[in-house]
Every structure is written in C-alpha cells, then in structure tokens.
Amino acid sequence: MHGADTDTGVQREELLRLILCQLTEYGYGNLSQAVATHTKVPMTTDSNSRLAELVALGLRSEQKQAQGGDGASDNEDGPVTGGGIDLNRSTQAQAQAQPPAVMPRYNVWYTTKHKGTASAAAFSLDGRYIATGSEDTSLKLIEVDRVRNPSAGVVRREDKPVIRTLYHHDAGITGVAFHPNGLVLASCSADHSVRLFDLSAAYGKHSFQSMHDNYAFRAIAFHPSGEYLAAATDASELRIFNVRSAKAYLLRGDADAHSGSGSSSGAGLTNVAYSASGALISSASRDGCVRLWDGRSGTCVRTLAQAHGGQPVTATVFSHNTKYVLTAGLDSAARLWDVASGRLVNTYEGAAMDGLSAQAVFSHDETLVMAPDARSNSIVCWDAASAKLLGRGAEHKDRITCIAPSPTSPAFMSCSVDHSVRYWSPDC
C-alpha cells in the first residue's frame with residue numbers, strides 16, 4: 001500500500017505531495033493540511049501547479065493515442081517530432097507521390113441562432129461540448145452528443161442541444177475558451193473583461209470570476225495547465241493572467257514588439273495561442289507581425305515581421321507538434337511557418353479574408369487547412385501538406401466570423417454575421 005503503485009510506478013507519497021501542493025496552489029490550505037494529517041504524509045509549504053500540468057499533458061497524450069498517434073507532444077525545449085503535420089518526414093519525390101488529402105463531404109447537422117452576430121466558438125478538449133458567443137452578449141453551451149443522434153442520424157427536437165445560455169457581459173463576445181478541466185468556460189468581450197463561468201453549477205448563468213483591463217479583449221487562450229490565460233487586447237502588449245488571482249502580467253518584448261511600425265493600421269493584438277505544452281505562445285497583431293514567446297520566461301524568441309505583406313495578421317495557431325504555426329491575414333492568405341527557423345513553408349490562397357476576426361485553422365488531424373471566404377460566405381479547404389485547394393462549402397447567408405474545429409473528430413462549428421452557428425460533420 002505504501003510502495004510504488006503497481007499500475008503506474010508512481011510512489012504513493014510522491015503523488016500525495018503533488019496533490020497537497022496543488023490544493024495549496026488553488027488556495028485550499030486548510031484542506032491540504034487535513035489531507036496531510038489523514039494520510040500521514042508530511043505537510044509541505046510548497047505551492048505549485050505541477051500536478052495540473054502533468055495531468056494536462058497526460059490527457060493530451062492519451063487523446064493523441066486514441067486518435068492513432070504515438071502520444072508524443074511538444075516539450076519545453078521547443079518543437080519535437082511525432083504527432084501532427086510534419087512536412088520534413090519525406091523527400092520531395094515521396095511527398096509528390098503521396099495522394100493529396102480529400103475534403104470530406106461535409107453536411108450541416110445542426111443550426112441554432114443568437115439574436116446578434118455569432119462571433120466566437122470553441123470546443124472543449126474532449127470534444128463533448130461547444131461554446132458559442134455573440135455580439136448580443138450571450139453565450140450558448142451545446143452538447144455535441146445531442147447535436148447528431150447516432151441512431152437517427154438527425155437532431156431530435158427533444159434532445160435540446162443547447163443545454164445552457166450564459167450572460168454577464170455588457171458588450172459583444174469576441175472570444176471563448178474552455179479550461180483544460182472542462183468545468184470552466186472563459187469568454188472575453190469588447191466590454192474590457194474576461195468572465196469565467198462554472199459549468200458544473202446546475203443553474204448558474206453568471207460568471208463567478210472576472211478579469212478586467214483598460215482595453216477591449218479580442219482573443220483568449222488557456223495554458224495547458226489551466227493556471228494561466230493569455231489574452232490579446234487592443235493594446236500592443238500581450239497579457240498573461242493568473243487564473244486564480246486574476247493578476248495580469250505584460251509581455252512587451254523589445255522596443256519594436258507589436259509597435260505598429262509595419263502598418264498604417266496601428267498596434268493592437270488580434271489573436272493569441274498556446275502550444276500543446278505551453279512552452280510557446282504566439283500572438284498576432286494589426287502591425288503585420290507574429291511574435292513567438294517563451295511560455296516560461298515571457299521573452300520574445302522570434303518575430304515573423306511583415307508576415308502577411310505588412311497587412312494585419314488576424315489569427316495564429318500551432319500545429320500539434322509545435323513544428324509549425326499557421327497564420328491568417330488581411331492579404332487574403334493563410335500561411336504556414338516553420339517555428340524553428342521562421343521560414344515560410346506553405347501559402348494557402350483562394351479565400352478573401354475580411355475583418356480582424358478572419359482566421360485559418362487546422363482540421364482535427366491536421367490534413368486540412370480551413371478558412372472563411374468573405375466573397376461567397378463559404379468555408380474553403382486546402383490540403384495542409386501541398387496547399388492545394390480542395391473545395392468549399394456554403395450554407396451561411398452572410399460573412400463567416402469564426403471556424404472552430406473539433407479536437408477529436410472531423411466536425412467543426414461555424415459562426416456568421418447572419419446570427420447563426422452551424423455544426424458541420426461528414427456523412428459518416
């Protein structure tokens with residue numbers, strides 16, 4: 001009982017100490033003391049989130065294995081091989097010989113509407129829930145299993161996929177993100193606030209915690225441990241919030257970091273993303289630059305200057321293995337960059353990018369890149385490896401503002417100025 005766990009090889013005392021440190025970090029010092037007394041494990045004065053970080057990384061590894069990957073992820077030393085798109089594995093001849101990705105035959109299985117422009121969407125890490133936000137200040141929580149009934153193949157009226165509507169903002173929603181534990185939803189708004197909602201509360205419709213700034217928020221992203229929240233605002237500095245204390249830290253970089261010197265559009269961030277392990281943070285700006293930051297020290301480690309010909313950069317997302325970062329900009333292109341060298345790898349063209357919410361995303365398995373086309377109100381798909389345009393799907397009646405891919409299946413959610421959010425999935 002007091003030796004190594006026969007299943008995991010983890011010492012009982014070692015695991016209990018991690019639990020004690022995590023409880024203390026969350027502010028439950030009295031509970032930590034009670035657990036220490038009951039288990040007869042010496043109480044520690046340490047307070048850290050090591051356990052949460054290990055659990056987050058373990059869940060990601062388990063998820064990748066379930067999807068057929070090898071469970072590898074990026075680490076604190078930067079990009080690693082294994083998992084996700086990797087254009088360096090084959091010779092050019094082999095790459096040309098490989099068949100291109102095929103765009104699935106997507107159908108819209110579910111549609112719901114807000115009272116204003118649907119502006120943001122995100123899936124929980126386990127793919128079970130979707131959150132959507134609107135300029136009408138409301139949030140909707142959707143249960144994916146109710147969206148498409150496996151037996152009937154359609155949404156049944158009694159299933160009621162929208163299981164909760166949340167309110168607490170005074171202006172339009174600009175971004176949403178699920179905490180890694182799946183129990184907390186964060187939303188940001190033009191009202192200069194980030195709100196945290198407890199999804200485990202039976203009837204809670206209002207936030208239990210908030211973070212404020214002098215600027216409008218444009219996008220948010222959780223650190224994999226859930227202890228920190230990165231935020232892009234109309235200011236030129238990247239904000240990192242401690243989730244428990246709500247205190248903010250500014251990442252400024254050098255004197256020219258997101259200064260607006262590269263564009264007449266001025267400074268102001270438009271998007272932010274963490275890598276899978278939290279070792280890197282990417283930020284996009286109206287000044288035309290993409291910045292890569294060390295997730296631990298907060299220093300800027302690389303700048304992709306004039307990433308979209310000097311036009312504002314509107315989106316950024318890392319590949320699973322952190323070898324690449326995908327960006328979108330108002331030059332109407334999506335671009336794939338090598339993180340280690342800053343080299344441009346691929347350019348995806350054929351979609352008109354319009355507005356600071358324009359984005360490009362990977363499909364769940366990173367075989368596809370998707371982006372909205374403002375001319376046709378459609379979603380454009382490319383082969384991620386070859387940048388070949390594969391096709392497009394059109395269902396919305398107005399400009400698409402957001403695409404949120406499922407992390408566990410070929411499905412995705414789209415939001416539009418037509419007030420609707422639509423759930424897309426292949427036929428089978």
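Residues numbered from 1 in each chain as written. Predicted model: local features only at pLDDT ≥ 70, side-chain atom pairs only at ≥ 80, totals over all residues. Heavy atoms only, no water.

Here we take up the overall build of the chain. Looking only at helices and strands, the chain features five helices and 28 strands. Residue burial in the chain is summarised as follows: out of 428 residues, 53% are buried. For the chain, contacts bridging at least 24 residues in sequence account for 50% of all contacts bridging at least 6. When the accessible area of the chain is evaluated, it comes to approximately 19,100 Å², of which 49% is carbon and sulfur surface. (Helix = DSSP H or I, 4+ residues; strand = E, 2+ residues; numbered from the N terminus. Buried < 20%, exposed > 50% of the residue type's maximum accessible area, 1.4 Å probe, protein only. Contact = heavy atoms within 4.5 Å. Areas by Shrake-Rupley, 256 points an atom, 1.4 Å probe, with all protein chains shown as cover.)

Think of a pair of aromatic rings as described by two things: how far the centres are apart, and how the planes are tilted against each other in angle. Taken as a whole, this structure holds four aromatic pairs when the rule is applied. Relative to Phe 241, the ring of Phe 217 lies with its centre 6.1 Å away and its plane at 45°, an arrangement referred to as tilted. Residue Phe 217 is found in strand β10 (residues 217-222), and its partner Phe 241 is found in strand β12 (residues 238-242); the two are separated by 24 residues along the sequence. This pair shows no difference in class: Phe 217 is buried, exactly as Phe 241 is. Ring centres of Phe 412 and Trp 424 lie 5.4 Å apart, and the angle between their planes is 10°; this geometry places the pair in the stacked category. Of this pair, Phe 412 sits in strand β27 (residues 412-416) while Trp 424 sits in strand β28 (residues 420-426), placing them 12 residues apart in sequence. With a relative accessible area of 2%, Phe 412 lands in the buried category. By way of ring pairs, the aromatic residues Tyr 106, Phe 412 and Trp 424 are connected into one cluster. (Phe/Tyr/Trp six-rings, centres within 6.5 Å; stacked < 30°, edge-to-face > 60°.)

A word on empty space enclosed by the protein. Counted by the stated rule, this structure contains two cavities of 30 Å³ or more. For the largest cavity, the calculated volume is near 40 Å³. Along the lines of polarity and charge, the residues of the lining of the largest cavity split into six nonpolar, four polar and no charged. Every residue along the wall of the second largest cavity is listed here: Ala 352, Met 353, Asp 354, Ala 358, Pro 372, Ala 374, Arg 399 and Ile 400. Here the lining of the second largest cavity is built from residues that sort into six nonpolar, no polar and two charged. (1 Å grid on protein atoms, 1.4 Å probe; cavity = no way out; pocket = protein on both sides within 12 Å on 5 of 7 lines; lining within 4 Å. Points joined across faces, edges and corners; volume = space filled by probe spheres on them. Nonpolar A, V, L, I, M, F, W, Y, C, P; charged D, E, K, R; others polar.)

A separate point is the pattern of salt bridges. Within this structure, the stated rule accounts for eight salt bridges. For Arg 218, the salt bridge identified is with Asp 234, shortest N-O distance 2.9 Å. Of this pair, Arg 218 sits in strand β10 while Asp 234 sits in the loop between β11 (228-233) and β12, and the two are 16 residues apart along the sequence. Asp 234 gets classed as partly exposed once you look at its relative accessible area, which sits at 25%. A single network of salt bridges, built from pairs that share partners, joins Asp 213, Glu 237 and Arg 239. (Salt bridge = Lys/Arg side-chain N within 4 Å of Asp/Glu carboxyl O.)

A word on the environment of Ala 385. You can see Ala 385 is positioned in the loop between β24 (378-383) and β25 (389-394). Classification of Ala 385 as partly exposed rests on a relative accessible area of 44%. Each C-alpha atom, one on Ala 385 and one on Val 369, is 9.1 Å from the other, the two residues being 16 residues apart in sequence.

One can find Pro 407 in the loop between β26 (400-405) and β27. On a C-alpha basis, the gap between Pro 407 and Ser 124 in space is 8.0 Å, while along the polypeptide they are 283 residues apart.

Of all six residues making up strand β6 (residues 173-178), five are buried, and the element is well covered by its neighbours. In this structure, β6 lies alongside strand β7 (residues 184-189), joined through five bridges in antiparallel fashion. Directly across from Gly 175, in β7, lies its bridge partner Cys 188. Connecting β6 to the next strand, β7, in antiparallel fashion are five residues, including Gly 182 with a positive phi near 75°. (Pairing = 2+ DSSP bridges.)

This paragraph deals with the sheet that holds strand β1 (residues 106-113). Overall, antiparallel pairing links the four strands, which are arranged β1-β28-β27-β26 in an open sheet. The open sheet is flanked by β1 and β26, the only strands paired with a single partner. Direction aside, the axes of adjacent strands within the sheet are offset by 20° on average. With four bridges connecting them, β27 and β28 associate as antiparallel partners. Looking across to β28, one finds that Met 413 is bridged to Tyr 423. (Axes fitted to C-alpha atoms, helices over the stretch in contact; angles between N-to-C directions.)

Right, let's talk about the sheet that holds strand β13 (residues 248-251) for a bit. Taking strand neighbours across the sheet as the criterion, the four strands line up as β10-β11-β12-β13 in an open arrangement whose pairing is antiparallel. Edge strands, defined here as strands with exactly one partner in the open sheet, are β10 and β13. Adjacent strand axes in the sheet meet at a mean angle of 25° when their direction is disregarded. Here β11 runs beside β12; their pairing, made up of four bridges, is antiparallel. For Ala 230, the partnering residue across the bridge sits in β12 and is Ile 240.

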